[in-house]
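The lines below spell out each chain.
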Amino acid sequence: MKKKNALSLIVLVILCICLMALAACGPGGSGSSGGTITLATTTSTDDSGLLDFILPVFTDETGWDVQVISVGTGAALQLGRDGEADVLLVHARSQEDQFVADGFAESRHDVMYNDFIIVGPDGGALSHNNDIDKTFSDILTQNLPFISRGDESGTHTRELQLWDSLGVNPEDNENYLESGQGMGATLGMAAEMNAYTLSDRGTWLSYANKGDLIIICEGSPRLLNPYGVMVVSTTLVPAGAQAFVDWIISPAAQELIASFGIEDFGQPLFFPDA
């Protein structure tokens, strides 16, 4: 009788262990889930509405919730260095490569791209073109109002690279101002002041209050805007961080990214690149 009771207890323990293992697999069917990961990303992925579009699908398929910190790329990378984010989705390739080289991530993965554009007042001093050097030179030499993000974001980094390629200091323009804010707020300032600014196309298309702003310069190869994803290298990063990377570069998620914006804007806001 005692042997039978002992055997029943063993079977019950094994059953409990199996049930716990199945629960850990979560809705996605693989790996532990049911927790929360912290994603540090750029304001453009948030302001454009992309995250609201894709993250519910990720959570539904994997069981992992995502806490989003939307800042400039420079700030997002610093959050990674400080161990305050689990995974990064950013767009400043040279800074991303340095982040990996410094040992803060094992690798970087291409996710998607769009492009940068220069926007400015309709009927202003500049007309539509695809010559970024001439556009920036005219803004500088004519002292046209220009709003820089000035926040060490990926957009700000690209802007400084464009000025630097001309060998000029944008602050020589007395009407050069820094917003110190994200892309949406910077576009709002440019609209209020009838000023020029550099924007990613995704935020521009989804931003409602454009005022009299139109696209002034677009189509230059030097305005390409790639995004990358990285898991932060700390012992405390949950398995959901790698699950997010594996998911966002998967064919299904890439198709989801490709479809975003078509219904509302007649064109995608981002192009898959994994």
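These figures come from a predicted structure and were not determined experimentally.

Enquirer: Help me out: how do you make sense of the pairing of strand 9 (residues 224–231) in this one?
Expert: Each regular strand shows side chains that alternate between the opposite faces of the sheet. The sheet contact formed by strand 3 (residues 87–90) and strand 9 spans 4 bridges and is antiparallel. Bridge pairing in strand 9 places Val90 opposite Gly228.

Enquirer: Explanation requested: the confidence of the model for the protein in the structure shown.
Expert: Note that predicted coordinates carrying low pLDDT should not be read in detail. For the protein, the mean per-residue pLDDT works out to 89, and 88% of the residues sit at or above 70. Of the regions scoring below 50 in pLDDT, residues 1–32 engages in 16 contacts with residues more than four places distant in sequence or in other chains.

Enquirer: Is there a simple way to think about the pattern of salt bridges in this case?
Expert: Close approach of charged atoms lets side chains of opposite charge pair. One pass over the structure, following the stated rule, counts 9 salt bridges. A salt bridge links Glu96 to Arg108, with the nearest nitrogen and oxygen atoms 2.4 Å apart. Of this pair, Glu96 sits in helix 5 (residues 93–101) while Arg108 sits in the loop between helix 5 and strand 4 (109–121), and the two are 12 residues apart along the sequence. You can call Glu96 buried: its relative accessible area is 0%. Across the salt bridge formed by Arg201 and Glu218, the nearest N and O atoms sit 2.8 Å from each other. You can see Arg201 sitting in helix 9 (residues 201–206) and its partner Glu218 sitting in the loop between strand 8 (213–217) and strand 9, a full 17 residues away along the chain. With a relative accessible area of 16%, Arg201 lands in the buried category. Of the residues examined, Glu218 reaches a relative accessible area of 22% and is grouped as partly exposed. Residues joined in a network through salt bridges with shared partners are Arg93, Glu96, Asp97, Arg108 and Asp110.

Enquirer: Got a minute to help me understand the packing of helix 3 (residues 50–62) against helix 10 (residues 239–248) in this structure?
Expert: The geometry of a pair of packed helices is captured by two quantities: the angle between their axes and the separation between those axes. At a minimum axis distance of 11 Å, the contact between helix 3 and helix 10 shows a crossing angle of 120 degrees. Seen along the crossing, helix 3 lies across helix 10 with a hand that is right-handed. In this structure, helix 3 contributes Ile54, Leu55, Val57, Phe58 and Glu61 to the contact, and helix 10 contributes Gly240, Ala243, Phe244, Trp247 and Ile248. Each residue belonging to the contact of helix 3 with helix 10 can be placed in one class, and the counts come to 8 nonpolar, 1 polar and 1 charged.

Enquirer: Would you mind going over unusual backbone geometry with me for this structure?
Expert: Across residues other than glycine, the phi torsion is negative in most instances, and most of the peptide bonds are trans. Non-glycine residue Glu152 carries a positive phi angle of around 60 degrees. Checked against the element boundaries, Glu152 lands in the loop between strand 5 (146–148) and helix 7 (154–165). Of note in the backbone geometry, Asn194 takes a positive phi value of approximately 50 degrees without being a glycine. Tracing the sequence through the fold places Asn194 in the loop between helix 8 (183–193) and strand 7 (197–200).

Enquirer: Can you walk me through the nonpolar core in this structure?
Expert: Across soluble globular proteins, you tend to see nonpolar side chains buried next to one another. Counting 50 residues, the largest nonpolar core has Val87, Leu88, Trp204, Val229, Phe244, Ile248 and Phe270 as its most contacted members. When residues of this core are sorted by domain, at least three fall in each of domain 1 (35–113 + 226–272) and domain 2 (114–223). Dropping the residues within four chain positions of it, Phe270 is found in contact with Ser44, Ser48, Leu50, Met112, Tyr113, Asn114, Tyr227, Ile257, Ala258 and Phe260. Core analysis: the second largest hydrophobic core is formed by 17 residues, Phe116, Ile118, Phe136 and Leu223 among them.

What counts and what doesn't
Residues numbered from 1 in each chain as written. Predicted model: local features only at pLDDT ≥ 70, side-chain atom pairs only at ≥ 80, totals over all residues. Heavy atoms only, no water. Pairing = 2+ DSSP bridges. Helix = DSSP H or I, 4+ residues; strand = E, 2+ residues; numbered from the N terminus. pLDDT = per-residue confidence, 0-100. Contact = heavy atoms within 4.5 Å. Salt bridge = Lys/Arg side-chain N within 4 Å of Asp/Glu carboxyl O. Buried < 20%, exposed > 50% of the residue type's maximum accessible area, 1.4 Å probe, protein only. Axes fitted to C-alpha atoms, helices over the stretch in contact; angles between N-to-C directions. Left-handed = near helix turned anticlockwise from the far one by under 90°. Nonpolar A, V, L, I, M, F, W, Y, C, P; charged D, E, K, R; others polar. Core = buried A, V, L, I, M, F, W, Y, C linked by side-chain atoms within 4.5 Å. Domains from an automatic or database assignment.

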